[in-house]
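Results of the structural survey
Spelled out from the first residue to the last, the chains are:
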Amino acid sequence: MTEITFQYLVYIWIGIAAVIFPFLLRITAPYGRHAKSGWGPLINNRLAWFLMELPALLVFVFLAFNRGFNFDVVILIAILLWTFHYFHRVVIFPLRIRTKGKKMPVLIMIFALFFNLINGYINGYWFGYLSQGYPSDWMSDPRFVAGALLFVAGFIINLYHDRILISLRKEGNGYKIPFGGLFKYVSSPNFLGEMVEWGGYALLTWCLPTFSFFIWTLVNLLPRALDHHRWYLRKFKEYPVERKAVIPFFL
Ligand code: NDP
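I will try to describe carefully the structure that is included in this document. (Residues numbered from 1 in each chain as written. Predicted model: local features only at pLDDT ≥ 70, side-chain atom pairs only at ≥ 80, totals over all residues. Heavy atoms only, no water.)

1. A look at the overall build of the chain
Looking only at helices and strands, the chain has 7 helices and 2 strands in total. Ordered by position in the sequence, the α and β elements of the chain form the string α-β-α-α-β-α-α-α-α. Relative to the 2.2 N^0.38 estimate, which gives 18 Å for 251 residues, the radius of gyration of the chain is 19 Å and therefore close to what a compact globule would have. The C-alpha extent of the chain, read off along each of the three principal axes, is 55 × 40 × 35 Å. Relative to its 251 residues, the chain shows a buried fraction of 47%. Relative to all contacts within the chain whose residues are 6 or more apart in sequence, the contacts with residues 24 or more apart total 84%. Of the roughly 12,700 Å² that the chain leaves accessible, carbon and sulfur atoms contribute 71%. Of the side-chain charges in the chain, 24 are positive and 12 negative, and the distance between the mean point of each set is 14 Å. (Helix = DSSP H or I, 4+ residues; strand = E, 2+ residues; numbered from the N terminus. Rg over C-alpha atoms; globule rule 2.2 N^0.38 Å. Buried < 20%, exposed > 50% of the residue type's maximum accessible area, 1.4 Å probe, protein only. Contact = heavy atoms within 4.5 Å. Areas by Shrake-Rupley, 256 points an atom, 1.4 Å probe, with all protein chains shown as cover. Lys, Arg positive; Asp, Glu negative; His and termini not counted. Charge placed at Lys NZ, Arg CZ, Asp CG, Glu CD.)

Dropping the structure here:
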């Protein structure tokens, strides 16, 4: 595929995200606390997470290593960061969650799997086939430095708050009000971390495919964070009113 064709396809992919966003603001994805009947057959929650995230790891790694190890150090860092994140999401996260007996609709799993397939393909194809690499001083460029810091900070924020949420399940399978860390300011700091992480990745790699993933992360997680926030306010009368949904003091 030529670079021009590829770029058109990525613009279309970003356009699809823009079209889907208003729908996601109205339709609550029925998994986790928002699970409800009427969405067809169900699948074990843990297995679904593994299956639906797997393509983002496998397809990306398969395509990205098309040139063997014959690429510059920035591309190698980009590939390693992606692989690191998705190894955690595919293997470790599903093993850690405490969602015994919970299921999610197969349809939701298929949507997510499709998203991860395309996203893994676009980014893997870019690094493995089309990217011309980076100038030798790119690692001292402010975009790389700030992007790398944001990626690491976002990953830690995501991991830390996911762990707080998972630990709430030590006793029983229900939901509790989470406290600690950035829960003081927002209901879904784990989503905030994920958005910061992929924003950082787009900055440090400075290319259209990773930017498209950042846009998709916002499109996926902003509506879900708003849904979670409204749900907490409905469910717990004593829920801290000063908390925002996902962006401290703002949203
Ligand atoms: P949630 O915050 O809804 O849940 C995370 C885990 O904690 C789940 O196992 C959930 O159980 C449990 N949990 C959440 N809140 C509570 C509570 N108040 N009390 C007890 N247990 C709780 O995150 P998601 O499941 O939607 O997403 C998981 C991860 O995947 C996140 O890190 C997210 O950032 C990432 N993600 C990334 C996307 C992207 O586009 N990059 C898209 C979607 C997710 P249960 O499932 O039973 O509710």
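2. Re the packing of helix α1 (residues 3-26) against helix α7 (residues 208-235)
Contact geometry for α1 and α7: axes closest at 9 Å, N-to-C directions at 5°. Between α1 and α7, the angle falls in the class roughly parallel. Split into classes, the residues belonging to the contact of α1 with α7 amount to 21 nonpolar, 3 polar and 1 charged. (Axes fitted to C-alpha atoms, helices over the stretch in contact; angles between N-to-C directions. Parallel < 35°, antiparallel > 145°, perpendicular 65-115°, else oblique. Nonpolar A, V, L, I, M, F, W, Y, C, P; charged D, E, K, R; others polar.)

3. So, the nonpolar core
With 37 residues, the main nonpolar core has F127 and Y201 as its most contacted residues. At 8 residues, helix α3 (residues 73-96) tops the list of elements feeding residues into this core. With residues near it in sequence (within four places) discarded, Y201 still touches F60, A78, I79, L81, W82, F127, G147, F151 and T210. Counting residues in each nonpolar core, the second largest holds 12 residues, with I43, W49, F93 and I166 among its members. (Core = buried A, V, L, I, M, F, W, Y, C linked by side-chain atoms within 4.5 Å.)

4. What about the site of the ligand?
Contacts to the ligand come from 26 residues, most closely from R33, K102, D162, Y175 and H228. Going through the elements one at a time, α3, α5 (142-167), α6 (189-205) and α7 are the ones with two or more residues in the shell around the ligand. For the shell around the ligand, the element with the highest residue contribution is α7, accounting for 6 residues. Residue composition of the shell around the ligand, by class: 10 nonpolar, 8 polar and 8 charged. (Near = heavy atom within 4 Å.)

5. Observations concerning the environment of F151
With respect to the helices, strands and loops of the structure, F151 is situated in helix α5. For F151, a relative accessible area of 2% gives the class buried. A C-alpha to C-alpha distance of 8.6 Å links F151 and L81, two positions 70 residues apart in sequence.

6. Concerning a nonpolar patch on the surface
Taken together, the side chains of M1, L9, I12, I16 and Y121 present a nonpolar region at the surface, about 440 Å² in accessible area. Of all the elements, α1 adds the most residues to the nonpolar patch, at 3 residues. Relative to the helices and strands, Y121 resides in helix α4 (residues 106-130). Residue Y121 is classed as partly exposed on the basis of its relative accessible area of 35%. (Patch = residues over 30% accessible without salt bridge, like charges linked within 9 Å, V, L, I, M, F, W, Y side chains within 5 Å. Salt bridge = Lys/Arg side-chain N within 4 Å of Asp/Glu carboxyl O.)

7. Things to note about the side chain of H88
In this structure, H88 sits in helix α3. Here H88 is in contact with F93, P94, F155 and L159, once residues within four sequence places are set aside.

8. Examining α1
Given a rise of 1.5 Å per residue, 24 residues ought to cover 34 Å, and the 36 Å separating the end C-alpha atoms of α1 matches this to within 8%. For α1, the complete set of buried residues consists of F6, V10, W13, I14 and A17. On its buried side, α1 packs onto α4 and α7. (Expected span 1.5 Å × (residues − 1).)

9. Quick word on the pattern of salt bridges
With the rule as written, the count across this model stands at 4 salt bridges. Note that R143 is salt-bridged to D141, the shortest N-O span being 2.9 Å. R143 sits in the partly exposed class, given a relative accessible area of 28%. The exposure class assigned to D141 is buried, which follows from its relative accessible area of 16%.

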